[in-house]
Each structure stands twice: as structure tokens, then as C-alpha cells.
Amino acid sequence: MQPRRSFLKKAIGASALLGGSFGFRQAPHIAPDRNDLLEQFQAIERAPIVQHQHIPNPVPITDIGVYRNGEHFFLRARSKSGVDGIAAMKPKYAERLYPIIYEMVAPILKGKDARKWDELLDDLYLKKLNYKWQGLALWVAIAYVEIAVLDMLGKAGGVPISTLLGSRVRDEVDIYYASGRRGNAPEAEMEHLLELVEASGAKAVKYRLGARMHYTDESMARDKALIPLVRKTLGSDATIYTDANGSFDVPTAVEIGRILEAHGTDFFEEPCPFDYYDETKAVADALNVPVAGGEEEASMRRFMWFLTEDALQVVQPDLLFFGGLVRSAKVAKMAEIVGKPCTPHISGDGLGFLYMMHFASFVPNIGPYQEFKGNEDGIPIESSVSLQPSGGRISVPDAPGLGITFDPAFLDKAERVKAL
């Protein structure tokens, strides 16, 4: 059994064993005063992330458009000088969110200097009463625009995103694969996990518990059989994560958590529904296994609460749901102060894995393994580095912006999605 407050120590040890690739740093001493901690968090919230000294001249945004080529969608941001940036979009998000982009995001940004993105984020939140729309819909729309803008800024300055948002601390990222299956027999799930490990060389996996936002007699029986089976099959050296997707009440989460502890599980993600904040803290207080969460969170102040109250031991802002890399980087800085890892969540397919890799390239306290899903949609891109893992690791592109090139024919054939 691994006490949850030794989770960071284990990650630091793994970093040393593998040549320091994870870039962990010991958290500075913090006086046990909650108000002092909140003041530090609020200072991080106010401080800019984008380092625009690499780009001496303004980069006015002239156009933001959503484009479609068959089943693929992408967002393109253009600057006055002709430099553009592109973010691949998940189709089901693009189809629903493009009116928000056109009506609530793009008009505020037109003509503005993209280098001042931190200030523009505040404008996007406050103007046109956009704050009344705060939630996944608004922040996902902003996140796609931000990714395209960062790609554009990186190209304008000839630097990768890691240089724009801080400094590059790693060139490779160690990955884990997550199973998205539920309801299958424990033996079938174990076979699936072995296939994921064999295909990628990953040294860490994640599997699902519960029945997603509820549990049944059948799901409980599966969980109790699967937890020991995974540890027995993968062995003592494997890193094993679990995700309940908010399936349990407090007593049941603690019951399952005790079994996870007994089998050396490395974190227990979303044991209770995502907006059951006090219940999540109660579970974290009762268990030694680290509790992870934050995938559905849209509020910066709520992450502050998670960290000041020790309600989560691993924070997981989703790079889309939470509004992009800049806001997520601020959460990571807050987590670093209290010695916790920030391991971002990836919402689905598209190029989420690429955005994760860039985030991991400049954030020191990302945790030992990052979720990888790959280019499952077959988006036509090229990079100077392989975008497939080898030996459980993947290289981060170091070319300007996102470090990828879209097939020109794919871009030329795309049609702009019309505003409503």
C-alpha cells in the first residue's frame, strides 16, 4: 500500500531512475496558512504565461474561421502579416460550438495583438457577458482558438509552444494507455490492457471502474475481481491508474479504495460525481491511494479549493474543457507550490495527444506518465519527429508552433463553415 502523500516522492524517485526525464522539483516550504496559500494562487492566476519577448512586433488577429473537409474540422487563426495557426477540432465539438466561436469569441479578438493572449483571455471571459456562459461549451470554444493562436504565435516568432509558455524541460514524454471499456468480463479487460501495453511499450495503464456516474451489483462484482487481476498480471513494477468517472457514493468509494490500496494502485480518478466536492474530499481524507480529478472542472477558483483543502492529490485539468494550455499551466503552477502533480486530461480523439505533449514539454510537475490516444482520426499531418510511441515514450515536436504541418491539399479542399 502506498500512502497518497508519498505519491510525489515516488514520482521523483522514478524521475531519478530514468535520468530525471520528468523534471520534478521539490515544492518550496509553505506556511500552513490557508490565506497565504490563496494569495500565492491568486498571484499565479494574475501573472501572464505567454512569453511574447520572443516576438518583437505585434501580431494582429485578422480572422478566425472554422473549416470542414469531409469528417474533419479545423480552426484557423490568421494574422495581418499572413502567418496562420491551425487547431484540429473534434467533430462533435466543432458541429456544436462553432456558433459560440463566431458570435462570442472571434469578434472580441479581431484586430487584437495575439501576443497579449493572457489579457485577451480576461476579455473573452468578461465581455458580452460571456462569464454567464462559463462552462465546457465556452471554454472548449476558447481552447481551440487558443491552440490556433499559439501555433500562429510560435510560427511568427520561430519558436515552439514550450518557449512561448515558459521553457522546455523535456523532449520526450512517458505515456500511459487508458482503456475506455466497461461492462466486459475482468479477463477480457485484462487481455485488452495487455494488447495496449504490447502495442506501445507503455509502462503504465488505466482502466475503468463503476458504471459511469452510478454503480450496479454487476459493476461492483467486476471491479472487485478486476483490481487484483490487473496487479497480479502486470506485476509489482507496473504503474496502474483507475478511473471511476464519478460512479460512487462516499462509502462505496472508500470500500473500492481500500481494495485499490491493497493492490498498490497509483491513483483513483473521480471516485464521486465530479461536482460532489465535499464528497470527493471525504474520500481523499479516508484513503491512502492518491485521488485524482478535475476533468470536468471549468473554474480556476475551484482548483484553488481542491489544492488548499487537499481534496485531490493529482489535479487533471482538461486541456479543452478548462479553456486551453494557458489556464491549465496556471493550475500546474499552483499544484507545484503544494508538491502535487498536474497530469492533464485529454478529452477524446483528434490531436489531443499533441496538445498534451506540448503541455508536458514545459510543465515540470506533470507526473510520471501522460495519457496517450494517438491520431485515431487519421488527420493528415507531418512532423519532423515520430508521433507514435516507442518503448513507452514519445518525442515532442520542436519546430515552431505546434511543430506539425497539415497536408496542403487537405487544407485547400476544406470549406469554411458559415456562421448561423
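All of the points below concern the structure found in this document. This structure is a prediction, so every number in the text was calculated from the model and none was measured.

## Remarks on the pairing of strand β3 (residues 84–89)
Judged by how many residues are buried, β3 sits mostly within the fold: six of six residues are covered. Relative to β3, strand β2 (residues 72–79) is paired through six bridges, and the arrangement is antiparallel. Along β3, the bridge assignment pairs Arg78 with Asp84. Connecting the antiparallel pair β2 and β3 is a turn made up of four residues, with Gly82 showing a positive phi of about 100 degrees.

## As for the nonpolar core
Trp117, Leu165, Phe268, Leu351, Tyr355 and Phe406 are the most contacted members of the largest nonpolar core, which totals 133 residues. For this core, the leading source of residues is helix α5 (residues 136–157), giving 14 residues. With near-sequence residues (within four places) excluded, Leu165 lies in contact with Ile49, Val50, Gln51, Leu150, Leu325, Val326 and Phe362.

## Digging into the side chain of Ser79
Relative to the helices and strands, Ser79 resides in strand β2. The exposure class of Ser79 is buried, given its relative accessible area of 4%. From its side chain, Ser79 meets the backbone oxygen of Val83 in a polar contact 2.9 Å long.

## Some thoughts on the pattern of salt bridges
Throughout the structure, instances matching the rule amount to 21 salt bridges. As a salt-bridge pair, Asp84 and Lys155 come within 3.9 Å of each other at their nearest N and O atoms. Here Asp84 is found in strand β3, whereas its partner Lys155 is found in helix α5, with 71 residues between them in sequence. Two residues, Glu371 and Lys373, come together in a salt bridge whose shortest N-O distance is 3.5 Å. Taking relative accessible area as the criterion, Lys373 reaches 22% and is therefore assigned partly exposed. Residues participating in the shared-partner salt-bridge network are Lys206, Asp243, Glu269, Glu371 and Lys373.

## Here we look at the packing of aromatic side chains
In this structure the tally under the stated criterion is 20 aromatic pairs. Both rings, one in Tyr67 and one in Phe74, keep their centres 5.3 Å apart while their planes meet at 10 degrees; by these two values the pair is stacked. On the accessibility criterion, Tyr67 (9% relative accessible area) is buried. Centre to centre, the rings of Tyr241 and Phe267 are 4.0 Å apart; their planes meet at 5 degrees, and the pair counts as stacked. Of this pair, Tyr241 sits in strand β6 (residues 239–243) while Phe267 sits in strand β7 (residues 267–269), and the two are 26 residues apart along the sequence.

## Description of the sheet that holds strand β14 (residues 415–416)
Spatially, four strands are ordered β3-β2-β1-β14 in an open sheet, and the strand pairing comes out antiparallel. The two strands at the open ends of the sheet, each matched to only one other strand, are β3 and β14. Of the strands in this sheet, β1 (61–69), β2 and β3 touch α5, which is tilted by about 145 degrees from β3.

## Concerning helix α12 (residues 325–337)
If you check α12, its first and last C-alpha atoms are 19 Å apart, about what 13 residues at 1.5 Å a residue would give, namely 18 Å. In terms of burial, α12 is a largely internal element, 12 of the 13 residues being buried. For α12, every residue scored as buried is listed here: Leu325, Val326, Arg327, Ser328, Ala329, Lys330, Val331, Ala332, Met334, Ala335, Glu336 and Ile337.

## A look at the pairing of β6
β6 sits mainly inside the fold: five of its five residues count as buried. Judged by which residues are buried, β6 turns out to be covered on both faces: Thr239, Tyr241 and Asp243 on one side and Ile240 and Thr242 on the other are all buried. Here strand β5 (residues 204–208) pairs with β6 via five bridges, running parallel. Among the inter-strand pairings, Val205 is bridged to a residue of β6, identified as Ile240. Following the chain from β5 across helix α8 (residues 217–234) to the adjacent parallel β6, one finds a crossover that is right-handed.

## What about the packing of helix α3 (residues 91–109) against α5?
Closest axis-to-axis distance for the α3/α5 pair is 9 Å, and the angle between their directions is 70 degrees. Comparing the axis directions of α3 and α5 gives the class roughly perpendicular. Within the contact between the two elements, α3 uses Tyr93, Leu97, Ile100, Ile101, Met104, Val105 and Leu109 and α5 uses Ala137, Leu138, Val140, Ala141, Ile142, Tyr144 and Val145.

## Things to note about the environment of Glu261
When you line up the elements, Glu261 lands in helix α9 (residues 250–262). Residue Glu261 is classed as buried on the basis of its relative accessible area of 5%. Along the primary structure Glu261 and Ser383 are separated by 122 residues, whereas in three dimensions their C-alpha atoms are 41 Å apart.

## Points about a nonpolar patch on the surface
Taken together, Leu126, Leu129 and Tyr131 make up a surface patch of nonpolar side chains, about 290 Å² in accessible area. Examined against the element boundaries, Tyr131 turns out to sit in the loop between α4 (117–126) and α5. A relative accessible area of 35% places Tyr131 in the partly exposed class.

## Examining the packing of helix α2 (residues 34–46) against α12
When two helices pack together, their arrangement is given by the angle between their axes and by how far apart the axes lie. Put simply, α2 and α12 touch, their axes get as near as 9 Å, and they point 150 degrees apart. With respect to α12, the element α2 is oriented roughly antiparallel. Judged by the sense of rotation from one axis to the other, the crossing of α2 with α12 is right-handed. Each of Leu37, Gln40, Phe41, Ile44 and Glu45 in α2 lies in contact with α12, whose residues at this interface are Lys330, Lys333, Met334 and Ile337. For the contact of α2 with α12, the per-class residue count stands at five nonpolar, one polar and three charged.

About the criteria used
- As a convention, each chain's residues are numbered from 1 in the sequence order in which they are written.
- pLDDT decides what is reported in this predicted model: residues at 70 or higher carry local features, side-chain atom pairs at 80 or more are listed and counted, and totals for whole chains, interfaces and linings draw on all residues regardless.
- As a rule here, side-chain values cover all heavy atoms of the structure and leave hydrogens and water aside.
- Exposure is judged per residue with a 1.4 Å probe applied to protein chains only, and the accessible area is read against the type maximum: over 50% gives exposed, under 20% gives buried, and values in between give partly exposed.
- To qualify as a helix, a DSSP run of H or I must reach at least 4 residues; to qualify as a strand, a run of E must reach at least 2; elements of each kind are numbered from the N terminus.
- Strand pairing follows a simple DSSP-based rule, namely that at least 2 bridges must link the two strands.
- The criterion is simple. A nonpolar core is a set of buried Ala, Val, Leu, Ile, Met, Phe, Trp, Tyr and Cys residues joined through side-chain atoms within 4.5 Å.
- Residue contacts are counted whenever heavy atoms from the two residues lie within 4.5 Å of one another.
- Under the rule applied, a polar contact is a pair of N or O atoms within 3.5 Å (in protein, one hydrogen donor and one hydrogen acceptor; residues adjacent in sequence only if both atoms are side-chain atoms).
- Any carboxyl oxygen of Asp or Glu within 4 Å of a side-chain nitrogen of Lys or Arg constitutes a salt bridge here.
- Any pair of Phe, Tyr and Trp rings, taking the six-membered ring for Trp, is counted once the centres come within 6.5 Å. Such a pair is stacked with planes under 30 degrees apart, edge-to-face with planes over 60 apart, and tilted for the rest.
- Only the contacting stretch of a helix is used when fitting its axis, a line to C-alpha atoms as for every element, and angles between N-to-C directions run 0 to 180 degrees.
- What a helix is expected to span follows from its residue count: subtract one and scale by 1.5 Å.
- Looking down the strands as they point away from the viewer, one classifies a crossover as right-handed if the path from the first strand across the helix to the second runs clockwise.
- Roughly parallel means an angle under 35 degrees; roughly antiparallel, over 145; roughly perpendicular, 65 to 115; everything else is oblique.
- To count toward a patch, a residue needs a relative accessible area over 30% and no salt bridge; like charges are then connected within 9 Å, while nonpolar side chains (Val, Leu, Ile, Met, Phe, Trp, Tyr) are connected within 5 Å.
- Each accessible area is a Shrake-Rupley estimate made with a 1.4 Å probe; only the visible protein chains count as cover when residues are assessed.
- The crossing is said to be left-handed when, going from far helix to near helix, the turn is anticlockwise and less than a right angle, and right-handed when the turn is clockwise.
- Note on residue categories: nonpolar means Ala, Val, Leu, Ile, Met, Phe, Trp, Tyr, Cys or Pro, charged means Asp, Glu, Lys or Arg, and polar means any other residue, Gly included.

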